[in-house]
Amino acid sequence: MVEWLSISDVKKKISESSAEEVTAAYLETIGKSRINGYTCTYDGALEMAKEADKGEGLLAGVPIAIKDNISTKGLATTCSSKILEGYVPPYDAHVIERLKAEGAVILGKTNMDEFAMGTSTESSCYGVTMNPWDLERVPGGSSGGSAAVVAAGEAPISLGSDTGGSVRCPAAFCGVVGLKPTYGAVSRYGLISYANSLEQIGPMATCVGDIATVMDVIGGYDPRDSTSINMEIGYRDALVDDVKGLKVGVPEEYFGEGVEGGVEKAVWDAISKYEEMGATWEKVSMPNTKYALAAYYTIAMSEASSNLARFDGTRYGPRNDGENWHVMASRTRAEYFGKEVQRRVLLGTYALSAGYQDKYYLKALKVRTLVKQDFEKALSNVDVLMGPTMPMPAFRIGEKIEDPLSLYLTDVNTVPMNLAGVPCISVPCGLSDGMPVGLQIIGKQFDEATIIRSAYAFEQNTDHNKARPAEVI
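Cut-offs applied
- Residues numbered from 1 in each chain as written.
- Predicted model: local features only at pLDDT ≥ 70, side-chain atom pairs only at ≥ 80, totals over all residues.
- Heavy atoms only, no water.
- Helix = DSSP H or I, 4+ residues; strand = E, 2+ residues; numbered from the N terminus.
- Buried < 20%, exposed > 50% of the residue type's maximum accessible area, 1.4 Å probe, protein only.
- Contact = heavy atoms within 4.5 Å.
- Core = buried A, V, L, I, M, F, W, Y, C linked by side-chain atoms within 4.5 Å.
- Axes fitted to C-alpha atoms, helices over the stretch in contact; angles between N-to-C directions.
- Parallel < 35°, antiparallel > 145°, perpendicular 65-115°, else oblique.
- Nonpolar A, V, L, I, M, F, W, Y, C, P; charged D, E, K, R; others polar.
- Phe/Tyr/Trp six-rings, centres within 6.5 Å; stacked < 30°, edge-to-face > 60°.
- Lys NZ or Arg CZ within 6 Å of the ring centre and 35° of its normal.
- Pairing = 2+ DSSP bridges.

Chemist: Lay out the environment of M390 with the relevant residues and their values.
Modeler: Relative to the assigned elements, M390 resides in the loop between β9 (384–388) and α13 (404–409). Residue class for M390 comes out buried when judged on its relative accessible area of 3%. For the pair M390 and Y360, spaced 30 residues apart in sequence, the C-alpha separation works out to 27 Å. Once residues lying within four places of it in the same chain are set aside, the contact partners of M390 are T119, C169, A172, F173, V263, T410 and T414.

Here it is in structure tokens:
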């Protein structure tokens with residue numbers, strides 16, 4: 001079985017040897033890996049570990065893997081795209097600064113769907129990442145590499161980004177814990193943007209306690225990010241094994257057509273467990289959920305078409321020749337952007353074009369307001385909402401990649417939270433067809449404490465978090 005180490009396990013190993021030895025062991029494991037979870041490892045990792053042995057910090061000596069769209073000074077950050085080949089940022093993202101300040105060791109960058117556009121990590125220029133539970137299945141996306149390396153024992157913790165479920169989806173598919181914080185709770189400074197109004201950096205780990213620890217490090221105000229909120233949240237304070245009196249809402253719409261039977265059973269079993277633990281539940285309605293997917297993709301693709309305009313061969317990466325800027329940029333983007341990125345940029349540009357902006361983009365923004373109101377109404381009567389993270393377990397590599405619409409539909413249970421900006425966490429709640437199933441717990445804005453407490457209590461009273469994939473090295 002794959003060895004999963006929590007932060008406390010890693011610190012114990014460090015106390016018995018050194019951070020340098022622990023980091024070297026992880027690098028050796030990564031070097032033998034078959035899952036293609038990393039785009040590169042950090043040459044300075046052992047040096048960072050040596051420094052960590054001399055100092056103190058909440059994460060002193062603890063190795064961490066970073067998604068390839070989060071800027072790391074001196075370490076390539078390519079968004080798994082050919083158009084950023086060779087790009088090395090001259091600065092660290094805010095979250096990287098925070099991690100370094102607490103002594104964390106950067107192992108390397110993890111594979112992802114190109115520019116975070118996908119649900120399977122199949123669109124990466126570095127090739128597909130494989131799910132450690134079954135090498136013929138996807139790990140989810142777009143942060144598939146970040147989830148897979150944790151599940152494979154190649155990092156104890158990792159960072160991903162979540163624009164429409166890109167932390168929660170791979171966490172569910174790979175049987176680990178993943179949190180999407182409230183929009184504004186974690187600085188996006190240094191995150192290469194896909195859709196600014198939707199995305200958040202979030203952690204993945206083998207247990208809820210480690211999620212809280214990482215959030216206490218990376219959460220907080222950053223004046224360089226205009227969306228950052230100046231609010232202190234004690235995430236580790238929420239690690240309480242008690243849900244007595246917790247009111248759970250179960251949205252009927254999250255169990256609609258397309259939810260696989262084994263997933264539905266695992267989630268209802270989890271809700272029944274909460275009832276045994278002293279919580280109560282009731283069904284709630286989120287009537288605008290059926291419009292959320294279309295609104296999300298309209299907004300996300302529109303913002304992507306604007307954000308990705310900067311990648312034209314002028315400032316970053318490779319460049320194709322042309323008699324003028326327009327020809328050069330067109331040739332460069334046609335060759336170095338992958339199919340999915342090109343598709344989303346074209347659709348987004350169309351949605352923002354003259355004559356169509358009111359018809360598509362502005363209408364999507366109105367739907368977004370309705371979705372947000374659904375959450376406000378539902379969460380005014382209950383403490384948290386619960387449902388399946390994903391409607392099915394991990395699908396097979398190649399099964400959906402040629403059918404974009406089918407791939408987009410798998411995000412049906414994750415995109416509403418990004419539209420509303422509310423926090424949510426995915427925790428393992430069982431298996432279906434031998435693959436992990438995720439329970440999604442959703443809370444009020446900036447009430448991460450309640451969803452962390454709910455997830456922690458469930459973890460402490462079940463054995464689902466003890467399930468491990470077979471050896472994959």
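Structure's up, so let's keep going.
Chemist: How would you summarise the nonpolar core if you had to cite specific residues and measurements?
Modeler: Residues L99, F115, L159, F375 and I441 are the most contacted members of the largest nonpolar core, which totals 137 residues. It is helix α9 (residues 289–307) that provides the largest number of residues to this core, a total of 9 residues. With residues near it in sequence (within four places) discarded, I441 still touches Y274, V384, L385, M386, P423, C424, I425, V427, I451, S454 and A455. Within the second largest apolar cluster, 11 residues are counted, among which are V138, M390, F395 and M435.

Chemist: Outline the packing of helix α11 (residues 339–352) against helix α12 (residues 357–378), listing residues and values.
Modeler: It is the contact of α11 with α12, at a shortest axis distance of 7 Å, that shows an interaxial angle of 105°. Between α11 and α12, the crossing angle belongs to the class labelled roughly perpendicular. Along the contact surface, α11 presents Y350, A351 and L352, while α12 presents Q357, Y360 and Y361. Among the residues forming the contact of α11 with α12, the class breakdown is 5 nonpolar, 1 polar and no charged.

Chemist: Can you lay out the side chain of T78 for me, pointing to particular residues and giving the numbers?
Modeler: Following the sequence through the fold, T78 ends up in the loop between β2 (63–67) and α4 (94–101). Filtering out sequence-adjacent residues up to four positions away, T78 remains in contact with D68, L84, G86 and Y126.

Chemist: Give a description of the packing of aromatic side chains that names residues and reports values.
Modeler: Summed over the entire model, instances satisfying the criterion amount to 14 aromatic pairs. Judged by centre distance (5.5 Å) and plane angle (50°), the rings of Y91 and Y189 are tilted. Of this pair, Y91 sits in the loop between β2 and α4 while Y189 sits in the loop between β5 (177–180) and β6 (200–205), and the two are 98 residues apart along the sequence. In this structure Y189 comes out as partly exposed when scored by relative accessible area, which is 26%. A ring pair is formed by Y296 and Y297, whose centres lie 4.8 Å apart and whose planes are at 80°; its orientation type is edge-to-face. Note on accessibility: Y296 and Y297 belong to one class, buried. Aromatic ring contacts, followed pair by pair, group Y87, F115, F311, Y316 and F337 into a single cluster. In this structure, R224 is placed above the aromatic ring of Y189, and the distance from its NZ or CZ to the ring centre is 4.1 Å. Sitting over the ring of F395, K400 keeps its end group 5.5 Å from the ring centre.

Chemist: Which residues make up the pairing of β9, and what values do they have?
Modeler: Within β9, 5 of the 5 residues are buried, which leaves the element mostly enclosed by the surrounding structure. With 2 bridges connecting them, strand β7 (residues 247–251) and β9 associate as parallel partners. Within β9, the residue paired with G249 across the bridge is L385. Where β9 lies against strand β11 (residues 435–442), 4 bridges are found, and the strand directions are antiparallel.

Chemist: Mind laying out the sheet that holds β11, listing which residues take part and the relevant values?
Modeler: Here 11 strands make up an open sheet; going across it, the order is β1-β3-β2-β4-β6-β5-β10-β11-β9-β7-β8 and the pairing mixed. Single-partner strands in this sheet number two, and they are β1 (38–41) and β8 (280–284). Strand-to-strand twist across the sheet, computed as the mean angle between neighbouring axes with direction ignored, equals 30°. Strand contacts of α4: β2, β4 (157–162) and β6, with the helix running at about 175° to β2, the strand carrying the most contacts. Contacts from helix α7 (residues 208–218) reach β4, β5, β6 and β10 (424–432), with the element oriented near 145° to β6.

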